[in-house]
Amino acid sequence: MRDIKLEKSWKELLRSVLEQPYMAELRSFLDREEKSGKTIYPKNSDIFAALNLTPFDQVKVVILGQDPYHGPNQAHGLCFSVKPGVKTPPSLVNIFKELNSDLGITPPTNGCLDAWGRQGVLLLNNVLTVEDGKAGSHHLKGWEPFTDKIIELLNEKKENLVFILWGSPAQKKAQKVDPQKHFIIKSVHPSPLSSYRGFFGSKPFSQANGYLQSKGIQPIDWSLS
């Protein structure tokens, strides 16, 4: 976890957090894992990609995920996203299906969500690293309080954000977000295991844009073409 750059607005806001003992323990854990020969995703330079792509002042929408993808070449620091050339994962396929149903946007040819991040959609995972082939392997190593603090800062210091919370873990993660200050969209997770129980037809993208426009905020262009 050496030589990792963090965008200046987030670095300033998170300075005291980065100095906490649990973060030092997390860095030591990741260094030990790498030295032991384990493969960790995403690569170091992508661990903070969500924050680096979407500075604090630019955040309009927050989408919460859980773990990075744990297969080769998949994770690149944005929840649900994969780089061009990587097969689109099933949950993201369903997100694109709902995007098409909701806004008539043709599913893109790849699963890279960078364009959302550049427009103010913070694509934040609960845990920011994972061991190759082992889902959930970096739970309770220090990432959870770090990402809790990010949500706390967004809730307290900003107004009129949209929080898109897919599945109970995301909803629990953001349970302290103030619904008087922000707009919260909830549904089941887009996973094939749950998507037909209320994800399809939930219209999160048009809901988000409708709220932003009602507050005089430029909506998100959700197309990825």
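To be clear, the structure that these remarks concern was listed above.
Computed from a predicted model, the values in this text were never measured in an experiment. (Residues numbered from 1 in each chain as written. Predicted model: local features only at pLDDT ≥ 70, side-chain atom pairs only at ≥ 80, totals over all residues. Heavy atoms only, no water.)

**Brief notes about the overall build of the protein**
Where we set the bar: Secondary structure elements follow DSSP: runs of H or I of four or more residues count as helices, runs of E of two or more count as strands, with numbering from the N terminus. Accessible area is worked out with a 1.4 Å probe on protein chains only. A residue is then buried under 20% of its type maximum, exposed over 50%, and partly exposed in between. Any two residues whose heavy atoms approach within 4.5 Å at even a single point are treated as in contact.
Tallying secondary structure elements over the protein gives nine helices and six strands in all. Overall, the protein is about 50 × 35 × 30 Å in size when its C-alpha atoms are taken along their principal axes. Every one of the 225 residues in the protein was classed for burial, and the buried ones make up 51%. Across the protein, the fraction of contacts at a sequence separation of at least 24, relative to all contacts at a separation of at least 6, is 69%.

**What about the packing of helix α3 (residues 21–35) against helix α7 (residues 143–157)?**
Keep this limit in mind: In this analysis, axes come from line fits to C-alpha atoms, helices being fitted only over the stretch in contact, and the angle between any two N-to-C directions falls in the range 0 to 180 degrees. Oblique is the label for every angle not falling under 35 degrees (roughly parallel), over 145 degrees (roughly antiparallel), or within 65 to 115 degrees (roughly perpendicular). Note on convention: near helix rotated counterclockwise from far helix by under a right angle means a left-handed crossing. Clockwise means right-handed.
One way to put it is that α3 packs onto α7 with a least axis distance of 9 Å and a crossing angle of 130°. Between α3 and α7, the angle falls in the class oblique. The handedness of the crossing between α3 and α7 is left-handed. From α3, Y22, M23, L26 and L30 reach across to α7, where they touch W143, P145 and F146.

**Considering the pairing of strand β2 (residues 61–65)**
Put simply, the rule is: When DSSP finds two or more bridges between a pair of strands, those strands are recorded as paired.
Buried residues dominate β2, accounting for five of its five residues. Here β2 shows no split at all, with V61, I63 and G65 on one side and V62 and L64 on the other all buried. Across five bridges, β2 lies against strand β3 (residues 121–125) in parallel orientation. Among the inter-strand pairings, I63 is bridged to a residue of β3, identified as L123. Of the pairings in the sheet, the one linking β2 to strand β5 (residues 162–166) comprises three bridges and is parallel in character. Paired with V61 across the strands is V162, a residue of β5.

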